[in-house]
Amino acid sequence: MIDNNRKLRMGMIGGGQGAFIGEVHRIAAQLDNQIELVCGAFSSDATKSKESGRTLFLPENRVYGSYQEMIERERALPESERMDFVSIVTPNHAHFGPAMLALENGFHVVLDKPMTFDLEEAKRLQAKVEETGLLFLLTHTYVGYPMVRQARQLVRDGALGKIRKVYVEYPQGWLSREQDASNKQASWRTDPSKSGKAGCMGDIGTHALHLAEFVSGLRTTQLCASLYTYVEGRRLDDDGNVLLQFDNGGSGVLIASQVAAGEENALKVRVYGENGGLEWHQQEPNSLIVRWLDQPTQVYRANGTGLSAEAASLCRTPAGHPEGYLEAFANLYKLFAGALRAKLSGEAASGYDFPSVDDGVRGMAFLDNVVRSSESTEKWTPFTV
């Protein structure tokens, strides 16, 4: 049984010096003072891993040269000392190995998205999570925003009526030109040996699909996709459009692009039902706009009046104080920490809603279906998992 008077102990695989997402995970995990970083294998290069550990002020004997060494040695420590879970922040092709090994050795897992290199790996992880009963968080960041939870609650309550149309778009512009080989963030994302069969659609299209299905409560049953590669010499898609059919008969449009010159991270979702529609922008995350068929337009604000209990519980600052990407990321860790603390205490880890291994399988299936549709002359493709 866990001593509830201590922080949860986190290990990290990847995320060493120069890695963007590793630092984001560390900030998010520690924001609520529930989690502490105690060990890590921060690079596949043992020397770089040790250097990263020193900059994070970790004891030398808890900084490892490989994820295999880390998991083996942490497992051998007394339960009162070893990590409680591992956060894996490597590129796609290096997700499956450490995640599977962690689960096999009894460690709960936080994993960056997309979940794996391909669908087969994703299904194997899903089976292992089901077998072990361990917790698994997939960090689809954007569903950590309070106003996204408020949007979902409005749909769940039936306020919009039957959902007819969903638009989701994620335009970025940072890959509009060929990147220098020294740009680590660009190089692995455009390399099929590391990113998998999809580039832009894997990196941000999976976010868009997850957000659309999360808010609407619908599941895609068919899709029709076109993928494009605009930068000469690039080996994976940098732009794509997908038509969606949902399980309630509704339809949708998904757009993802990393060559929308001038755009930053302009993720936006719109959901329309019989009675009205809602709209949320990631770059203005504190506001949720709701337009009614026969009433004035309504704007919900983070930590403002009229929020659902769930949305209010994820607000951190007084109304009017911006809450953004790091806070949304931290909300996922907050929910995961609550579930893990309950589980380690022998209680039911229910009521903590965060993206799971099942969402990861769905994301990888989406990529398979999108690529198959884009390459097909038939176009409309059943969404199979």
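Data block above holds the structure.
Residues numbered from 1 in each chain as written. Predicted model: local features only at pLDDT ≥ 70, side-chain atom pairs only at ≥ 80, totals over all residues. Heavy atoms only, no water.

1. With respect to the packing of helix α6 (residues 146-156) against helix α9 (residues 200-216)
Alright, step 1. Contact geometry for α6 and α9: axes closest at 7 Å, N-to-C directions at 45°. As summarised for this structure, α6 and α9 are arranged oblique, according to the angle between their axes. For the pair formed by α6 and α9, the contact residues are Val 148, Arg 149, Ala 151, Arg 152 and Val 155 on the first element and Leu 211, Phe 214, Val 215 and Ser 216 on the second.
Alright, step 2. Of the residues contributing to the contact of α6 with α9, the split by class is six nonpolar, one polar and two charged. (Axes fitted to C-alpha atoms, helices over the stretch in contact; angles between N-to-C directions. Helix = DSSP H or I, 4+ residues; strand = E, 2+ residues; numbered from the N terminus. Parallel < 35°, antiparallel > 145°, perpendicular 65-115°, else oblique. Contact = heavy atoms within 4.5 Å. Nonpolar A, V, L, I, M, F, W, Y, C, P; charged D, E, K, R; others polar.)

2. Considering unusual backbone geometry
Alright, step 1. The omega angle of the peptide bond from Lys 113 to Pro 114 is -10°, so this bond is cis rather than trans.
Alright, step 2. A positive phi angle, near 60°, is found at Phe 57, a position not held by glycine.
Alright, step 3. Structurally, Phe 57 can be placed in the loop between α2 (46-55) and α3 (67-76).
Alright, step 4. Of note, Asn 303 is a non-glycine position whose phi angle comes to about 60°, a positive value.
Alright, step 5. Position of Asn 303 relative to the elements: it lies in the loop between β13 (298-301) and α10 (309-313).

3. Description of the sheet that holds strand β14 (residues 381-382)
Alright, step 1. Overall, mixed pairing links the nine strands, which are arranged β13-β12-β11-β10-β6-β9-β8-β7-β14 in an open sheet. Each end of this open sheet is capped by a strand with a single partner; those strands are β13 and β14.
Alright, step 2. Across two bridges, the pairing between strand β7 (residues 220-228) and β14 is antiparallel. Pairing of Leu 223 across the sheet is with Thr 381, part of β14.
Alright, step 3. Across the sheet, α9 is in contact with β6 (163-171), β7, β8 (239-246), β9 (251-257), β10 (268-273) and β11 (276-281); its angle to β9 comes to roughly 150°.
Alright, step 4. Each of β7, β8, β9 and β14 is contacted by helix α12 (residues 357-375), which is oriented at about 60° to β7, the strand it contacts most. (Pairing = 2+ DSSP bridges.)

4. What about α9?
Alright, step 1. A rise of 1.5 Å per residue sets the reference length of α9, with its 17 residues, at 24 Å; its end C-alpha atoms lie 23 Å apart and thus fit the reference within 8%.
Alright, step 2. Of all the bends in α9, the largest measures some 30° and sits at Thr 206.
Alright, step 3. Taking burial as the measure, the 17 residues of α9 include 17 buried ones, the bulk of the element.
Alright, step 4. At the C-terminal side of α9, Gly 217 shows a positive phi close to 75°. (Expected span 1.5 Å × (residues − 1). Bend = angle between axes of the 7 residues up to and from the residue. Buried < 20%, exposed > 50% of the residue type's maximum accessible area, 1.4 Å probe, protein only.)

5. Observations regarding the side chain of Lys 128
Alright, step 1. Residue position: Lys 128 is located in helix α5 (residues 119-132).
Alright, step 2. Under the relative-accessibility criterion, Lys 128 is labelled buried at 16%.
Alright, step 3. Dropping the residues within four chain positions of it, Lys 128 is found in contact with Met 100, Leu 103 and Glu 104.

6. Structural notes on the environment of Gln 172
Alright, step 1. The topology assignment puts Gln 172 in the loop between β6 and α7 (184-189).
Alright, step 2. A relative accessible area of 7% places Gln 172 in the buried class.
Alright, step 3. Apart from the residues within four sequence positions on either side, Gln 172 is in contact with Ile 204, Ser 257, Gln 258, Val 259, Ala 260, Glu 263, Glu 264 and Asn 265.
Alright, step 4. Engagement of the side chain of Gln 172 in a polar contact is seen with the side chain of Gln 258, the distance being 3.0 Å. (Polar contact = N/O pair within 3.5 Å; in protein donor to acceptor, adjacent residues only side chain to side chain.)

7. Some points on the packing of aromatic side chains
Alright, step 1. Going through the model one piece at a time under the given rule, you end up with ten aromatic pairs.
Alright, step 2. The interplanar angle of 80° and the centroid separation of 5.9 Å between the aromatic rings of Tyr 142 and Tyr 170 together place this pair among those described as edge-to-face. With Tyr 142 in the loop between β5 (136-138) and α6 and Tyr 170 in strand β6, the pair connects residues that are 28 residues apart, well separated along the chain.
Alright, step 3. Tyr 170 gets classed as buried once you look at its relative accessible area, which sits at 2%.
Alright, step 4. With 5.8 Å between their ring centres and 20° between their planes, Tyr 228 and Tyr 230 make a pair best called stacked.
Alright, step 5. Classification of Tyr 230 by relative accessible area gives exposed; the value is 54%.
Alright, step 6. One aromatic cluster is present, built from ring pairs that chain together Tyr 142, Tyr 145, Tyr 170, Trp 280, Tyr 325, Phe 329 and Tyr 333. (Phe/Tyr/Trp six-rings, centres within 6.5 Å; stacked < 30°, edge-to-face > 60°.)

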